[in-house]
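# Working through the structure, step by step
Below, each chain spelled out in residue letters.
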2 protein chains.
Amino acid sequence: MKIILDAMGGDNAPDANIKGTINAINKIKAEVILVGKEEIIRNKVKEFYGKEIEEISNRIKIKNATETIEMEDIPTKAIKNKKDSSMVVGFKMLKENEGDVFISAGNSGALLTGATLIVGRIKGIDRPALAGILPAYHSRLVLIDAGSNTNCKPINLLQFAQMSSIYIKNTFGVEHPKIGLLNIGTEETKGNELVKESYNLLKEKAEELNINFIGNIEGREAFSGKVDAIVADGFTGNVFLKTTEGLGKFVKASLTESLKKNWLSKLCAIPTLPAINRFKKTMDYKTYGGALFLGVKKPVVKAHGSSDAKLFEYTIIQAEKFVENKAVDKMIEEFQIK
Amino acid sequence: MKIILDAMGGDNAPDANIKGTINAINKIKAEVILVGKEEIIRNKVKEFYGKEIEEISNRIKIKNATETIEMEDIPTKAIKNKKDSSMVVGFKMLKENEGDVFISAGNSGALLTGATLIVGRIKGIDRPALAGILPAYHSRLVLIDAGSNTNCKPINLLQFAQMSSIYIKNTFGVEHPKIGLLNIGTEETKGNELVKESYNLLKEKAEELNINFIGNIEGREAFSGKVDAIVADGFTGNVFLKTTEGLGKFVKASLTESLKKNWLSKLCAIPTLPAINRFKKTMDYKTYGGALFLGVKKPVVKAHGSSDAKLFEYTIIQAEKFVENKAVDKMIEEFQIK
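A brief report on the enclosed structure follows.

Definitions and limits used
Residues numbered from 1 in each chain as written. Chains lettered and ligands numbered in written order. Predicted model: local features only at pLDDT ≥ 70, side-chain atom pairs only at ≥ 80, totals over all residues. Heavy atoms only, no water. Salt bridge = Lys/Arg side-chain N within 4 Å of Asp/Glu carboxyl O. Helix = DSSP H or I, 4+ residues; strand = E, 2+ residues; numbered from the N terminus. Buried < 20%, exposed > 50% of the residue type's maximum accessible area, 1.4 Å probe, protein only. Axes fitted to C-alpha atoms, helices over the stretch in contact; angles between N-to-C directions. Parallel < 35°, antiparallel > 145°, perpendicular 65-115°, else oblique. Left-handed = near helix turned anticlockwise from the far one by under 90°. Contact = heavy atoms within 4.5 Å. Nonpolar A, V, L, I, M, F, W, Y, C, P; charged D, E, K, R; others polar. Pairing = 2+ DSSP bridges. Phe/Tyr/Trp six-rings, centres within 6.5 Å; stacked < 30°, edge-to-face > 60°. Right-handed = clockwise from strand over helix to strand, strands pointing away. Patch = residues over 30% accessible without salt bridge, like charges linked within 9 Å, V, L, I, M, F, W, Y side chains within 5 Å. Areas by Shrake-Rupley, 256 points an atom, 1.4 Å probe, with all protein chains shown as cover. Lys, Arg positive; Asp, Glu negative; His and termini not counted. Charge placed at Lys NZ, Arg CZ, Asp CG, Glu CD.

Moving on, we come to the pattern of salt bridges. Residue and element names in this part refer to chain B. All chains considered together, the criterion is met by 32 salt bridges over all chains. Glu 193 is the partner of Lys 196 in a salt bridge, and the nearest nitrogen-oxygen pair spans 3.9 Å. Placement of both Lys 196 and Glu 193 in helix H8 (residues 193-205) is noted, with a separation of three residues, approximately one turn of the helix. When its relative accessible area of 27% is taken as the criterion, Lys 196 is described as partly exposed. Looking at Glu 193, the relative accessible area reads 41%, which means it is partly exposed.

So, in structure tokens, the structure goes:
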């Protein structure tokens, strides 16, 4: 197996990308191909580790790409014009079977455009979407769309429900994954226009498309373990995702502070630290490593834009699992049958 | 001062409403008028406390109202047809100066309709909105609209920004409250159509309307203390609110469980409990008690639909503060000047 990694994408590129790869390499079986400016990558490796990349592992390769797509670039333009960017080169390698999965922490819009234009949509899917994995009570929660399509129609949300259903079944072995629609109340009359229409469409088509649609779900129930996936347009989904992230940070800061408030709690906090750390890990959705673009013909993983070395490491490990589970192949199969 | 409380509104009415009032009465100076079915209220008090309501406090009164607006009722119809409902009677008392603030945990849509139709909008405001108060790092965060207007236009979001700015200045003494627009990125090109247009309008009008607009804010930064209020349409705002609530619950459950994982952490957890409880309290936005409807001529407070006795108690205490701060009078003044 070969994992293609955009070495130039993300807020901490290329340092975090390179370090994450080197951290991950002995925890996976796959080969990792770093796509980016070869000279820069080689120099960074020498600077960080005092040796050549080949001396570190024979499973890390470099593919030279002279350009970089920036966060400010307009997605469609960037994909069309920056032919030798790390992202476009990575996508082409994926398309031409020079690798099994492509990971990037770069410009999300460009990633969606590239996935659609270069790799191509699965037949029957109008818009691919980002499926993020978050921790939930004694389980996990798939959020689709986590942020790629800011303006959606009901048909898109129906397809998100279908895709997440197939994905969860094949990846986590859940026989009839429970799919909920993110809304502000459980009654069917609740929500904005998009959500009301999507509710009706989902209810109408659920049986035919084999979706276990459990109705509207409010954010307050999202993490209870009652639902396996929540479906939303990319704007609302991304607000949801980033709110959990913000609150997670706030929780950690407040908790640490609370435990240090007086000498007694400070002293007593020391032996409870393993429990606190275990808890922090549960909270940290970053450990789930990256989100998969569902609806494209090959596995494309969006790493968090602000990924550090640790997060790249997790994302690479997770990407290997995505490929092993053949989630995308099974998606193509199921949509062919329908 | 007189606080009017809808005794029949909310998931746990009238039990929680009655108990909360009795818990609160010795912590406030105001009188509380319970609006609802008198016989039921009297019987419940006897059942819970073994005495008549007058024996408990001479500052708790009852105003009889024979009907109840249910959660399933269509807001406009309910307000027009159920003339003797606890909500409509409460609103009319507020309008006719028989009380200084009205609190209800009932049907949100009906509450908005009643506030607008019976109490009336402040001149210059197209749509009143719910301003919720959440905890944030070393501070608090005002969220407007927390859920009353599911479909909004840019002008509404501009007015939400204006109202929250005036409210925070007068209630919390912050001279130039920092107002952010809830979005999925900080760049001005990010977001759905509503958010993009609202961004431009806010930028254009901020100086003229004395709004300290700091631009887009992502959920991940919302609790950092960098912003005093976040503005959103009621759908997105409510998703944000309920997500924080859901994650809060999940955090508490996971934390408690982590600390009980083995005998060592269990034993050591005992002396750290005060710190944990302090932390849980910080997390619990319920302690901030209720959300104020900004943009109507008198103070109207929406209590959480699933309020228990504790939460009614907090909301009543907070309502007294709202009236003392004269937040609504100051809002009317400032809009008259403009």
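This next bit is on the packing of helix H1 (residues 15-24) of chain B against helix H11 (residues 309-324) of chain B. All names here are of chain B. The geometry of H1 relative to H11 is characterised by a closest axis approach of 7 Å and an angle of 55° between their N-to-C directions. Comparing the axis directions of H1 and H11 gives the class oblique. In this structure, H1 crosses over H11, and the sense of that crossing is right-handed. Only Ala 309, Phe 312, Glu 313, Ile 316 and Ile 317 of H11 make contact with H1, whose side of the interface consists of Ala 16, Asn 17, Lys 19, Gly 20, Thr 21, Asn 23 and Ala 24. Classifying every residue of the contact of H1 with H11 gives six nonpolar, four polar and two charged.

Glancing now at the sheet that holds strand S10 (residues 291-294) of chain B. Residue and element names in this part refer to chain B. Sheet architecture is open: 11 strands sit in the order S3-S2-S1-S4-S11-S10-S5-S6-S9-S7-S8, paired in mixed fashion. Edge positions in the sheet fall to strand S3 (60-64) and strand S8 (212-217), since each has one partner strand and no second. On average, each strand axis in the sheet is inclined to that of its neighbour by 30°, with strand direction left out of account. Pairing between strand S4 (residues 101-104) and strand S11 (residues 300-302): three bridges, direction parallel. Following the sheet pairing, Phe 102 is matched in S11 by Val 300. On the sheet, H11 packs against strand S1 (2-6), strand S2 (31-36), S4, strand S5 (129-136), S10 and S11 and is oriented at approximately 155° with respect to S4.

Turning to the packing of aromatic side chains, a few remarks are in order. A ring pair, where both rings are aromatic, is described by two values, the distance of the centres and the angle of the planes. Scanning the model with the defined rule gives 12 aromatic pairs over all chains in all. Centroid distance Phe 48 of chain B to Tyr 49 of chain B: 6.4 Å. Interplanar angle 85°. Geometry classified as edge-to-face. For Tyr 49 of chain B, a relative accessible area of 30% corresponds to the partly exposed category. Grouped by ring-pair contacts, the aromatic residues Tyr 167, Phe 172 and Phe 322 of chain A constitute a single cluster.

Moving on, we get to the packing of helix H5 (residues 86-95) of chain B against helix H6 (residues 108-119) of chain B. Residue and element names in this part refer to chain B. Interaxial distance between H5 and H6 falls to 10 Å at its minimum, and their mutual angle equals 35°. Every pair of crossing elements has a handedness; the one defined by H5 and H6 is right-handed. In this structure, H5 uses Met 87, Val 88, Phe 91, Lys 92, Leu 94 and Lys 95 to contact H6, whose residues at the interface are Ala 110, Leu 111, Gly 114, Ala 115, Ile 118 and Val 119. Taken together, the residues of the contact of H5 with H6 sort by class into nine nonpolar, one polar and two charged.

Residues and elements named next belong to chain A. Most of strand S2 (residues 31-36) is tucked away: six of the six residues are buried. Alternating residues of S2 divide into Glu 31, Ile 33 and Val 35 and Val 32, Leu 34 and Gly 36, and every residue in both groups is buried. Here strand S1 (residues 2-6) pairs with S2 via five bridges, running parallel. Residue pairing in the sheet places Ile 4 in a bridge with Ile 33 of S2. Once you follow S1 into helix H1 (residues 15-24) and on to S2, the crossover reads as right-handed. By the bridge criterion, five bridges tie S2 to strand S3 (residues 60-64) in an arrangement that is parallel.

So, about a positive patch on the surface. Residue and element names in this part refer to chain A. A grouping of Lys 80, Lys 83, Lys 92, Lys 95 and Lys 297 is seen on the molecular surface, where their side chains present a positively charged patch. As for its position among the elements, Lys 92 is in helix H5 (residues 86-95). Residue Lys 92 is classed as partly exposed on the basis of its relative accessible area, which comes to 34%.

To continue, consider unusual backbone geometry. The omega torsion across Ala 13 of chain A and Pro 14 of chain A is -5°, close enough to zero to call that bond cis. The topology assignment puts Pro 14 of chain A in the loop between S1 and H1. Residue Ile 144 of chain A is joined to Asp 145 of chain A through a cis peptide bond whose omega torsion reads 0°. As for its position among the elements, Asp 145 of chain A is in the loop between strand S6 (139-144) and helix H7 (154-172). In this structure, Lys 326 of chain B takes a positive phi of about 50° despite not being glycine. Examined against the element boundaries, Lys 326 of chain B turns out to sit in the loop between H11 and helix H12 (327-337).

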